[in-house]
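# Working through the structure, step by step
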Amino acid sequence: LFDMRPGDLFVLRNAGNTCASNKGSLIGSAEYSITHLRTKVLVITGHTKCGAVTAAVEAVHNNIDLSSVAGSIGTLLADIIDAAKKAVATIPNATVVEQVQLATKFNVFNTIKKLIQYSDIVYTGVKVEELQLIGAVYNIFSGEIEWLGEHPEIEKLCGREMPMHRWNSTPYNTVQSWDNKSGRSARAVNAIRMMEDGNTRFVTGRWHYKSPTGLDVTPSVIVLGGSEYRVPIEDLFDVDPGRIIVQRVLGSVAGMQERTAFSSIEYSIARWAPPVLLVLVESSSPIIEAAIKQLRGQYLPLAPIRVVLNHVMVSALRAVQQAEKNSTLTSAGQELLITQLATELNCLYSMEMMLASKNIRDVVRTGEVELLAAIMETGTGKIRFIGPHPRQDDVIRAADLRERTYAAGPASILSREDWENYLPSWAMVERRPFMADDAEPTTGATGSVGTTALLKPVEGYGHAARCGTSEGANAPPRTPRLACPVFPLRAIAALTPLILAALLALPSFAAFTDAGTRPQERFPQPFGAASSSMVNTVDRSPRTSASWVGGAAPSDRPAVVPSHLAHQNHHHHHHHHHHHHH
């Protein structure tokens, strides 16, 4: 389904993609994937023509006493019967097929709810926004996945407001203007003015080459920019050598902590403490263009290319889904909007990645360093500042909370007491006096950019999220499988070649799915084999990018979807039809 290699997914399969107990191998396996393989995305998938859901709907129509059903089948159906009853009550005059479709989605959400209620490890991960539970339904004939997103009542289930979830689930509005003086420290204002004046000279052709002086110059700005730029960043700002520190990486992505690029930024802050840390992106970056093409089914690139694109695809997917929902735009208008959204979101995503570092977070929190974003117009080199992250304070709070919660290790759990009683003072963004210059700057806002899908509402169930399952109404039963996901982006974080989040060759996506379908018989072997093969993931990698558990449901609210999974399914679906055509 996802065109992945054996070991890229940690798959837990059973009939009906249910979770009936807080004990046993199913939930234990999911917790193992989260704590030991560092899974950041748990996908609950249902599928069309599900035999178990169909049997539950028929049991509702015929008033069958499930306790009289032979063996343990009645017990299995009892876990699905609530979803079936709700679907029948929601659309009583619909056909059985339509009721089964709706019940399949309700059943996905019910499984998400049970996982949060039964497992303290899952509950903790979701509550501190370290783990995402995504729902989906896949078409058993075409393999196409309908992503449903997170549970529509996720905040109620976790007992707290989740600003990052809201940020990811809300359409993004591009920044039109920014006041670069309001609330800024004098040092930051001077540094920004230096860059603006220098860029004006560059754009008007009045810049000139500056020879190194050999003097010890204290830098005023750290710039994270793209390696693909066709002009030196120092020239863009027409500054003297040594006045800015430039860290160039493809796509302007901050990357992962403890890697060279990330560590270089931390070193520069600790060594020189410049007042501004600037993330600079290009308005028409070839890296963002390549990521958008990947989302639309282009052939899977080599692993080194995926390392870069998987970070950018987090923002590209959100941009594509948001723009495609705007039916008032022409095709050309949609493409321009997608590029603009993806560019700004990628810039903000890199800022979120940097705020995951305690060293960077601490100086941004106090205002000693201003973390800002800017866009370079391709063709002219004109720099447009868009300011701090619109949810900066929330990003900082969320990172503080995750760090504190998991200080003792990935298996740490929170007690299910009132959230207000749990929150200690460290969870708040507290301002300490800023001694430099004449004023204490204010921090911006916070938030986390993830991938979102704009979906239609599920009748009778508010907003919803989707994922895939593995059993067909007429498919012969198969032995439950166990497999393990390892794709680069972590959820939203994360995503796993995932979206937020995950890392190349690190499994970070787990899935609960149905045990009855046989995808290798429905799809060409190169496209469907991974989801049905036995995999020993322990020998493959110390982490998994995702887990998969069958189930699904809908929503008119943007649904957070792992970008690498959405892309991989699109890639598979595209080539499946290509194969059929020939």
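On a predicted model such as this, the values are computed, not experimentally measured, just so you know. (Residues numbered from 1 in each chain as written. Predicted model: local features only at pLDDT ≥ 70, side-chain atom pairs only at ≥ 80, totals over all residues. Heavy atoms only, no water.)

### Points about the pattern of salt bridges
How we decide: Whenever Lys or Arg places a side-chain nitrogen within 4 Å of a carboxyl oxygen from Asp or Glu, that contact is recorded as a salt bridge. Numbering of helices and strands starts at the N terminus; helices are DSSP runs of H or I of at least 4 residues and strands are runs of E of at least 2.
Summed over all chains, the structure comprises 18 salt bridges. Across the pair Glu 146 and Lys 105 runs a salt bridge whose closest N-O atoms are separated by 3.1 Å. With Glu 146 in strand β4 (residues 145-149) and Lys 105 in helix α5 (residues 96-118), this residue pair connects regions lying 41 residues apart in the sequence. The partner of Glu 289 in a salt bridge is Lys 293, with the nearest N and O atoms 3.6 Å apart. With Glu 289 and Lys 293 both in helix α12 (residues 286-295) and 4 residues apart, the pair spans about one turn of that helix. Through salt bridges with shared partners, one network takes in Lys 358, Arg 361, Asp 362, Arg 365, Asp 400 and Glu 403.

### Topic: unusual backbone geometry
Rule in force here: Note on classification: 1.4 Å probe, protein chains only; a residue is buried when its accessible area is under 20% of the maximum for its type, exposed when over 50%, partly exposed between these limits.
Positive phi, normally seen in glycine, also occurs at Arg 38, with a value near 60°. Topologically, Arg 38 is positioned in the loop between α1 (25-35) and β2 (41-47). We classify Arg 38 as partly exposed; its relative accessible area is 31%. Its identity as a non-glycine residue notwithstanding, Asn 63 has a phi of 50°, on the positive side. For Asn 63, a relative accessible area of 69% puts it in the exposed group.

### Concerning the nonpolar core
Heads up, the condition is: What is meant by a nonpolar core is a set of buried Ala, Val, Leu, Ile, Met, Phe, Trp, Tyr and Cys residues, joined one to another through side-chain atoms within 4.5 Å.
Core analysis: the biggest nonpolar cluster contains 76 residues, and Phe 237, Leu 278, Leu 280 and Met 354 have the highest contact counts within it. Counting 27 residues, the second-largest nonpolar core is a separate cluster that includes Leu 37, Leu 115, Leu 157 and Met 162.

### Topic: the sheet that holds strand β5 (residues 221-226)
Cut-off, in case you're wondering: What makes two strands pair is DSSP finding at least two bridges between them. For helices, the fitted axis covers only the stretch in contact; all axes are lines through C-alpha atoms, and the angles between them, taken along N-to-C directions, range from 0 to 180 degrees.
Taken together, 5 strands build an open sheet; the order of strands is β6-β5-β7-β8-β9 and the sheet is mixed. Looking along the sheet, the strands with just one partner apiece sit at the ends: β6 (244-249) and β9 (383-387). Mean inter-strand twist for the sheet, computed between neighbouring axes without regard to direction, equals 25°. Of the strand pairs in this sheet, strand β7 (residues 276-282) and strand β8 (residues 370-376) are connected by 7 bridges, and their pairing is parallel.

### A short note on the environment of Ile 64
Stated formally: Note on definitions: a residue-residue contact is assigned when non-hydrogen atoms from the two residues lie within 4.5 Å.
Tracing the chain through its elements places Ile 64 in the loop between α2 (51-61) and α3 (73-78). Exposure remark for Ile 64: the relative accessible area of 41% places this residue in the partly exposed category. In this structure, the C-alpha to C-alpha distance between Ile 64 and Gly 74, residues 10 residues apart in sequence, is 9.8 Å. Excluding its chain neighbours within four sequence positions, the residues that come into contact with Ile 64 are Ala 59 and Val 69.

### Points about the packing of aromatic side chains
Aromatic rings considered in pairs are described by the distance between their centres and by the relative angle of their planes. Put simply, the test is: Pairs were defined over the aromatic rings of Phe, Tyr and Trp, the Trp ring being its six-membered one, requiring ring centres within 6.5 Å. Orientation was assigned from the angle between planes: stacked under 30 degrees, edge-to-face over 60, tilted for the rest.
Applying the stated criterion to the full structure yields 6 aromatic pairs. Summarising the aromatic geometry, the rings of Trp 178 and Phe 385 are spaced 6.4 Å apart at their centres and angled 35° between planes, so their arrangement reads as tilted. Taken together, the positions of Trp 178 in the loop between α8 (163-168) and α9 (186-203) and Phe 385 in strand β9 put the pair 207 residues apart, joining distant regions of the chain. Here Phe 385 falls in the buried class, since its relative accessible area comes to 9%. Arranged with centres 5.8 Å apart and planes meeting at 45°, the rings of Phe 202 and Trp 207 form a pair that is tilted. With relative accessibility at 16%, the residue Phe 202 sits in the buried group.

### What to know about the environment of Asp 3
For Asp 3, the location among the structural elements is in the segment before β1 (10-13). Residues Asp 3 and Leu 300, 297 residues apart in the sequence, show an inter-C-alpha distance of 9.0 Å.

### With respect to the environment of Leu 224
Along the chain, Leu 224 turns up in strand β5. What makes Leu 224 buried here is its relative accessible area of 1%. A C-alpha to C-alpha distance of 9.9 Å links Leu 224 and Cys 347, two positions 123 residues apart in sequence.

### With respect to α9
Using the following cut-off: Expected span of a helix: the number of residues minus one, times 1.5 Å.
Between the first and last C-alpha of α9 there are 26 Å, a value that for 18 residues agrees with the 26 Å anticipated at 1.5 Å per step. Considered for burial, the residues of α9 that qualify are Ala 188, Val 189, Ala 191, Ile 192, Met 194, Met 195, Gly 198, Asn 199 and Phe 202. Among the structural elements, β5, α10 (233-237), β6, β7, β8 and β9 are those in contact with the buried residues of α9. With its phi angle positive at about 80°, Gly 205 sits one or two positions after the end of α9.

### A closer look at the packing of α2 against helix α4 (residues 81-90)
Formally: Geometric relationships in this document are graded by angle, where less than 35 degrees denotes roughly parallel, more than 145 denotes roughly antiparallel, 65 to 115 denotes roughly perpendicular, and other angles denote oblique. Whether a crossing is left-handed or right-handed is set by the direction in which the near helix is turned from the far one by less than a right angle, anticlockwise for left-handed and clockwise for right-handed. Each residue gets one label: Ala, Val, Leu, Ile, Met, Phe, Trp, Tyr, Cys and Pro are nonpolar, Asp, Glu, Lys and Arg are charged, and the others, such as Gly, are polar.
Packing of α2 against α4 brings their axes to within 8 Å, and their N-to-C directions diverge by 60°. Judged by the inter-axis angle, α2 sits oblique to α4. Between α2 and α4 the crossing geometry is right-handed. Of the residues in α4, those touching α2 at Ala 56, Val 57, Ala 59, Val 60 and His 61 are Ile 81, Ala 84, Lys 85 and Val 88. Here the residues of the contact of α2 with α4 are counted per class, giving 7 nonpolar, 1 polar and 1 charged.

### Topic: the pairing of strand β3 (residues 132-138)
Burial analysis of β3 places 7 of its 7 residues in the buried class, which makes it a mostly covered element. Note: β2 against β3, 7 bridges, orientation parallel. Bridging across to β3, Val 41 finds its partner in Gln 132. One ladder, built from 4 bridges, connects β3 with β4; its direction is antiparallel. Opposite Tyr 138, over in β4, you have Ile 145 as the bridge partner.

### Some thoughts on helix α15 (residues 358-366)
Buried residues dominate α15, accounting for 7 of its 9 residues. What α15 keeps buried is the set Ile 360, Arg 361, Asp 362, Val 363, Val 364, Arg 365 and Thr 366. For α15, the secondary structure elements touched by its buried residues are α11 (260-272), β7, α14 (331-355), β8 and α16 (392-405). Just beyond α15, the residue with positive phi is Gly 367, at close to 90°.

### Notes on the packing of α15 against α16
One can describe the packing of α15 onto α16 by two numbers: an axis separation of 11 Å at closest approach and a directional angle of 135°. One way to sum up the angle between α15 and α16 is to call them oblique. Crossing angle aside, the handedness with which α15 passes α16 is left-handed. Residues Lys 358, Arg 361, Val 364 and Arg 365 of α15 touch α16, and the partners they reach there are Gln 392, Ile 396, Ala 399, Asp 400 and Glu 403.

### Quick word on the confidence of the model for the protein chain
The cut-off we apply is this: You can read pLDDT as the predictor saying how much it trusts each residue, on a scale of 0 to 100.
On average, the protein chain scores 76 in pLDDT, and the residues at 70 or more come to 70%. Per-residue pLDDT stays below 50 along residues 424-508; that stretch engages in 482 contacts with residues further than four places along the chain or on separate chains. In this model residues 518-543 is a low-confidence stretch, pLDDT under 50, and it forms 73 contacts with partners more than four residues away in sequence or in other chains.

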